[in-house]
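Listed below are the residues making up each chain.
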Amino acid sequence: MKVIVVGTGYVGLVTGTCLADLGNFVTCVDSDPAKLDILKTCKSPFYEPGLDERLKRNFDAGRLVFTASLKDSFRDTTLFFNAVGTPPYESGEADLTYVFSVVNEFFEMYNELQCTDFKVLITKSTVPVGTGSKIEAIRNTYGISEDQVAIVSNPEFLREGTAIYDFFHPDRIVVGSSSEQALDLIQELYDPLYRTQTPVIRTSLQTSELSKYASNAFLATKISFINEMANLCELTGADVSDIAKIMGMDGRIGKYFLHAGPGYGGSCFPKDTKALVYLAKQLGYDLNVVSAVEKVNETQKKRVMTYILDYFDNDISGKTFALLGLSFKPNTDDVREASSLTISEALLKQGARIKAFDPEVKSLPQFEDNQNFSIVSDSYTAAESSDALILVTEWNTFRELDLARIRSSMNHPVFFDLRNVYSPQKLSDAGFEAYVIGRKLLGNTLVSSEKVYRD
Ligand code: NAD
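Quick caveat, the model's predicted, so the values are computed rather than measured.

1. Concerning the site of the ligand
- Neighbouring residues of the ligand: 27 residues in total, closest Asp-30, Lys-35, Thr-86, Glu-160 and Lys-271.
- Within the side chain of Arg-336, an N or O atom sits 3.0 Å from an oxygen atom of the ligand.
- In isolation the ligand exposes 830 Å². Once the protein is present, 89% of that is buried.
- Put simply, the parts of the chain that give the shell around the ligand at least two residues each are α1 (10-21) and α4 (97-112).
- Looking at which element gives the most residues to the shell around the ligand, the answer is α4, with three residues.
- Considering only residue class, the shell around the ligand consists of nine nonpolar, 10 polar and eight charged.
- When residues of the shell around the ligand are sorted by domain, at least three fall in each of domain 1 (2-203) and domain 2 (204-455).

Below is the structure:
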């Protein structure tokens, strides 16, 4: 089939490349010339395992092209995916400027090229419930009927870091529309996945749109829940890694998303929970659980600062911190809303210096001009002569560190493990004073809610 994907971000580029891999002819459109320049060299502008090889394979086979113009293959194409970003406004509301810009461009092009054939405009971006109906209303203002252009919601559930696997092995495919003809076409597009047992849920626009927010809000809830349990473990002497294991063995709960850490980040959970709370409020409903989830997360991101300041008697000015991991999770270079940013800002504000290392993040524009912040080439250089080490993101490369080497190169061997990568015993055996989230406090520090760091 011929497909156009607008937006070559994490979702659009992975979707376009994988659809091409299934034998479709895909045109990827992006308005950012810098991204297109990189794409035309057969490279992904961001790090996603396995993407570069697939991109090249399909580009070479002529099944994948990149362009700035929607016009290029518009006439011959039936299926259009809108996969542009939906960042949050300050209020939490989803900013749909990019989505509607593509929508208007699409309808203008349909009329300009005097198309009469059936086309399907599919929203893959995460958009608030009601957006699809608004797109239908916009279509009507262009004098285009439902028989000419059908509007579909097809939310994306892939995870950065395992996006290719997730595309080919989704837990479910959700498609929402009032047009059976459009749903049939999309089901045909996804048929190779359906044949390998992926359930396809056909539903209304509204249900499809809300299902994405509901899923993300629930996953964020699991994370904030286990983080609160970790905090309670620290106050009681219980061990959160065992608690998570015990809870996860219960089939009704499930073992995923029960890893305590420094709060969730990324391009989805923070903005999607905020957008959901905002939307509910507009409708006169207080979404209490999700609001609490967000509040817990904000505090969790700063929690390590309480321990650090307590340990250094409230004076970290001039001290050097080795930061391991900058991306919001392993196997991606995405730093949007990453906990590492919150921690770095707080450390720098207190006059500390940071030497950071991440396997994929090699620059952070927001700290570029700050002389107290540097990104170094490996974990050992980061640790050298530092006064404390903070393990922020659980990249595999941090799981097998030479702890003896790290310890002997540091000014002061104190280790803050925010991801439960090492057992307290292992760190202690290696000669560290250690804080391990939900398992071991430093000295006698007990952090009650009142004591949590606020800037
Ligand atoms: P992104 O910010 O990485 O990429 C968006 C792309 O759209 C950019 O390359 C930008 O240049 C392009 N763009 C913007 N306006 C355009 C226009 N008018 N014409 C052509 N291109 C345009 O975004 P992303 O992370 O891929 O997310 C896209 C959507 O998918 C969001 O709604 C997000 O919530 C959702 N989503 C993201 C993930 C994820 O893991 N990143 C997972 C599921 C769903």
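Moving on, there is more to tell.
2. Section: the packing of helix α5 (residues 131-141) against helix α9 (residues 205-236)
- In contact at an axis separation of 8 Å, α5 and α9 are set at 135 degrees when each is read in the N-to-C sense. It follows that α5 is oblique to α9 by the angle criterion. Here α5 contributes Thr-131, Gly-132, Ser-133 and Glu-136 to the contact with α9, which in turn contributes Leu-205, Gln-206 and Glu-209.

3. Digging into the domain arrangement of the protein
- Taken domain by domain, the protein consists of domain 1 (2-203) and domain 2 (204-455).
- Computed from C-alpha atoms alone, the centre-to-centre distance between domain 1 and domain 2 is 33 Å.
- If you look at the interface, domain 1 gives 36 residues, while domain 2 gives 27 residues.
- For the domain 1 face of the interface with domain 2, the top three residues by lost area are Tyr-47, Val-129 and Glu-160, together amounting to 27%.
- Linking domain 1 to domain 2 there are one salt bridge.
- Across the salt bridge formed by Glu-160 and Arg-336, the nearest N and O atoms sit 3.9 Å from each other.
- Joining domain 1 to domain 2, the criterion identifies 13 residue pairs in polar contact (both at pLDDT 80 or more).
- Broken down by secondary-structure element, the contributors of at least two residues to the side of domain 1 that touches domain 2 are α5, β6 (149-153) and β7 (173-176).

4. Notes on unusual backbone geometry
- Even without glycine at this site, Phe-257 takes up a positive phi of about 60 degrees.
- Its location among the elements puts Phe-257 in the loop between α10 (240-248) and α11 (269-282).
- Given a relative accessible area of 29%, Phe-257 falls into the partly exposed group.

5. Some details on the sheet that holds strand β11 (residues 373-375)
- Ordered in space as β11-β10-β9-β12-β13-β14, the six strands form an open sheet in which the pairing is parallel. Strands with a single pairing partner mark the edges of an open sheet, and in this sheet they are β11 and β14 (433-436). Mean inter-strand twist for the sheet, computed between neighbouring axes without regard to direction, equals 15 degrees.
- Here strand β10 (residues 353-357) pairs with β11 via three bridges, running parallel. Counterpart to Ala-356 in the pairing with β11 is Ile-375.
- Of the strands in this sheet, β9 (320-324), β12 (388-391), β13 (414-417) and β14 are in contact with helix α12 (residues 288-311), which crosses β13 at around 165 degrees.

Criteria and thresholds
- Residues numbered from 1 in each chain as written.
- Predicted model: local features only at pLDDT ≥ 70, side-chain atom pairs only at ≥ 80, totals over all residues.
- Heavy atoms only, no water.
- Near = heavy atom within 4 Å.
- Polar contact = N/O pair within 3.5 Å; in protein donor to acceptor, adjacent residues only side chain to side chain.
- Areas by Shrake-Rupley, 256 points an atom, 1.4 Å probe, with all protein chains shown as cover.
- Helix = DSSP H or I, 4+ residues; strand = E, 2+ residues; numbered from the N terminus.
- Nonpolar A, V, L, I, M, F, W, Y, C, P; charged D, E, K, R; others polar.
- Domains from an automatic or database assignment.
- Axes fitted to C-alpha atoms, helices over the stretch in contact; angles between N-to-C directions.
- Parallel < 35°, antiparallel > 145°, perpendicular 65-115°, else oblique.
- Contact = heavy atoms within 4.5 Å.
- Buried area = accessible area lost by both parts, 1.4 Å probe.
- Salt bridge = Lys/Arg side-chain N within 4 Å of Asp/Glu carboxyl O.
- Buried < 20%, exposed > 50% of the residue type's maximum accessible area, 1.4 Å probe, protein only.
- Pairing = 2+ DSSP bridges.

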